[in-house]
Amino acid sequence: MSIPSRKAALEMLLEAGQRNPGPWVEHSLNVAKAAEAIAKAYTKLDAEKAYILGCLHDIGRREGKTKLRHIIDGYDYLMKKGCTECARICLTHSFLLKDVEEALAENDCTDAETAFIQDFITKINYDDYDHLIQLCDGLALPSSLCIIEKRLVQNAIKKGVNELSVYKWKKELELKTYFEEQIGQSIYRLLPEFADSIYQ
């Protein structure tokens, strides 16, 4: 199976949250919620698949309080389960620019793991599912969905910025525009939480 059922994905997330409790679980569920809503409006995508990919994009956090290495831990975990499409998303969701250096999290991967990640994201052709989860990762706080700018500012305050940050922000805004062109409306109209987040 390249992708598990929704039930199996939620069970994996629940088990992971028990191993390593934290707001990342609620964040993952919100990414899944946003991905499903956008995919429902974009008929070329499967909403169920989008939900599952969003649900499992951070599953590597099951291994504990790690930094960047959660992406390789998630990839390894899902590859062992035969969930190759979900494993792919674990690696692609953090790298809009296809550059390991764009990540703000401390790189706690080994040199070999870092080289593998860079080689993987360089060679792969991102598809609409990769881009959708990248976008939705930037729309989801643990507490709610939110406008992109709010998430960007919160991440900048928490983690700082680097020389690639502005380019990454521009790419994320380009993804928002791309999906809005595909669905013919603002993504913020799809769920009321987007409007509510302005006042939080």
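Predicted, not measured: the structure shown is a model, and the values here were computed from it.

Enquirer: Account for helix α5 (residues 84–92), naming residues and giving values.
Expert: Because an α-helix packs 3.6 residues into every turn, residues spaced three or four apart end up facing the same way. Those residues of α5 lying buried are Cys86, Ala87, Ile89, Cys90, Leu91 and Thr92. Buried residues along α5 sit in contact with α3 (47–56), α4 (70–80), α6 (111–123) and α7 (128–137).

Enquirer: If you had to explain the environment of Gly64 to someone new, which residues and values would you point to?
Expert: Positionally, Gly64 belongs in the loop between α3 and α4. In sequence terms Gly64 and Arg6 are 58 residues apart; their C-alpha atoms lie 24 Å from each other.

Enquirer: Account for the packing of α4 against α5, with residues named and values stated.
Expert: Packing of α4 against α5 brings their axes to within 8 Å, and their N-to-C directions diverge by 175°. It follows that α4 is roughly antiparallel to α5 by the angle criterion. Residues Ile71, Ile72, Gly74, Tyr75, Leu78 and Met79 of α4 lie in contact with α5, whose contacting residues are Thr84, Cys86, Ala87, Arg88, Cys90 and Leu91. The class makeup of the residues in the contact of α4 with α5 is 9 nonpolar, 2 polar and 1 charged.

Enquirer: Give a description of the layout of surface pockets that names residues and reports values.
Expert: Quantified by volume, the largest pocket comes out at close to 1100 Å³. In terms of lining, the largest pocket is formed by 41 residues, of which the most central are Arg61, Arg151, Asn155, Lys158 and Lys159. Contributions of two or more residues to the lining of the largest pocket are made by α2 (24–41), α7, α8 (148–159) and α9 (165–183). Per-class residue counts for the lining of the largest pocket are 14 nonpolar, 15 polar and 12 charged.

Enquirer: Can you explain a nonpolar patch on the surface? Please cite residues and give values.
Expert: Together, Val161, Val166 and Trp169 make up a nonpolar patch on the protein surface, roughly 250 Å² of accessible area in all. Counting through the fold element by element, Trp169 comes out in helix α9.

Enquirer: Tell me about the packing of aromatic side chains, and name the residues and values.
Expert: The full count for this structure, using the stated rule, is 5 aromatic pairs. Ring centres of Tyr75 and Phe120 lie 5.7 Å apart, and the angle between their planes is 70°; on these two criteria the pair is classed as edge-to-face. Taken as a pair, Tyr75 in helix α4 and Phe120 in helix α6 lie far apart in primary sequence, 45 residues in all. When its relative accessible area of 12% is taken as the criterion, Tyr75 is described as buried. Among the residues examined, Phe120 registers a relative accessible area of 19% and is labelled buried.

Enquirer: Please set out the nonpolar core residue by residue, giving values where relevant.
Expert: Ile59, Leu78, Phe95 and Leu132 are the most contacted members of the largest nonpolar core, which has 61 residues in total. Top element by residues in this core is α2. It accounts for 9 residues. Among residues more than four places away in sequence, those in contact with Leu132 are Ala35, Ile38, Ala39, Leu45, Ala50 and Phe179.

Enquirer: Please provide a residue-by-residue account of the packing of α2 against α3, values included.
Expert: α3 packs onto α2 with a crossing angle of 160° between their chain directions and a minimal axis gap of 7 Å. Between α2 and α3, the angle falls in the class roughly antiparallel. The crossing of α2 and α3 is right-handed. Together, Ser28, Leu29, Val31, Ala32, Lys33, Ala35, Glu36, Ala39 and Lys40 of α2 and Ala47, Glu48, Ala50, Tyr51, Gly54 and Cys55 of α3 make up the contact between the two elements. Within the contact of α2 with α3, the residues separate by chemical class into 9 nonpolar, 2 polar and 4 charged.

Each value, and the rule that gives it
- Residues numbered from 1 in each chain as written.
- Predicted model: local features only at pLDDT ≥ 70, side-chain atom pairs only at ≥ 80, totals over all residues.
- Heavy atoms only, no water.
- Buried < 20%, exposed > 50% of the residue type's maximum accessible area, 1.4 Å probe, protein only.
- Helix = DSSP H or I, 4+ residues; strand = E, 2+ residues; numbered from the N terminus.
- Contact = heavy atoms within 4.5 Å.
- Axes fitted to C-alpha atoms, helices over the stretch in contact; angles between N-to-C directions.
- Parallel < 35°, antiparallel > 145°, perpendicular 65-115°, else oblique.
- Nonpolar A, V, L, I, M, F, W, Y, C, P; charged D, E, K, R; others polar.
- 1 Å grid on protein atoms, 1.4 Å probe; cavity = no way out; pocket = protein on both sides within 12 Å on 5 of 7 lines; lining within 4 Å.
- Points joined across faces, edges and corners; volume = space filled by probe spheres on them.
- Patch = residues over 30% accessible without salt bridge, like charges linked within 9 Å, V, L, I, M, F, W, Y side chains within 5 Å.
- Areas by Shrake-Rupley, 256 points an atom, 1.4 Å probe, with all protein chains shown as cover.
- Salt bridge = Lys/Arg side-chain N within 4 Å of Asp/Glu carboxyl O.
- Phe/Tyr/Trp six-rings, centres within 6.5 Å; stacked < 30°, edge-to-face > 60°.
- Core = buried A, V, L, I, M, F, W, Y, C linked by side-chain atoms within 4.5 Å.
- Left-handed = near helix turned anticlockwise from the far one by under 90°.

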